[in-house]
Amino acid sequence: MITTSTALGYLAIAAGIAAIIKILFSGSGRIVLPGFSAQWGK
């Protein structure tokens, strides 16, 4: 049984992953996290 809050949680995670993929596959970008940084360009 999946509760509404669980379903919303999965939806939020899926949206976050989709946003990360969109950023990664865009022409250029930069991600800076504690202990990790990534930068790419065309």
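The structure this text deals with has already been given above.
**As for the environment of alanine 38**
With respect to the secondary-structure elements, alanine 38 resides in strand S2 (residues 36-40). On a C-alpha basis, the gap between alanine 38 and isoleucine 21 in space is 14 Å, while along the polypeptide they are 17 residues apart. Apart from the residues lying within four places of it in its own chain, the contact partners of alanine 38 are Gly29, Arg30 and Ile31.

**What to know about the pairing of strand S1 (residues 29-33)**
Of the pairings in the sheet, the one linking S1 to S2 comprises 5 bridges and is antiparallel in character. Across the sheet, residue leucine 33 finds its bridge partner in S2, namely phenylalanine 36. Hairpin connection between S1 and S2: a loop of 2 residues separates the two successive antiparallel strands, and glycine 35 in this loop has a positive phi of roughly 80 degrees.

Rules of the game
Residues numbered from 1 in each chain as written. Predicted model: local features only at pLDDT ≥ 70, side-chain atom pairs only at ≥ 80, totals over all residues. Heavy atoms only, no water. Helix = DSSP H or I, 4+ residues; strand = E, 2+ residues; numbered from the N terminus. Contact = heavy atoms within 4.5 Å. Pairing = 2+ DSSP bridges.

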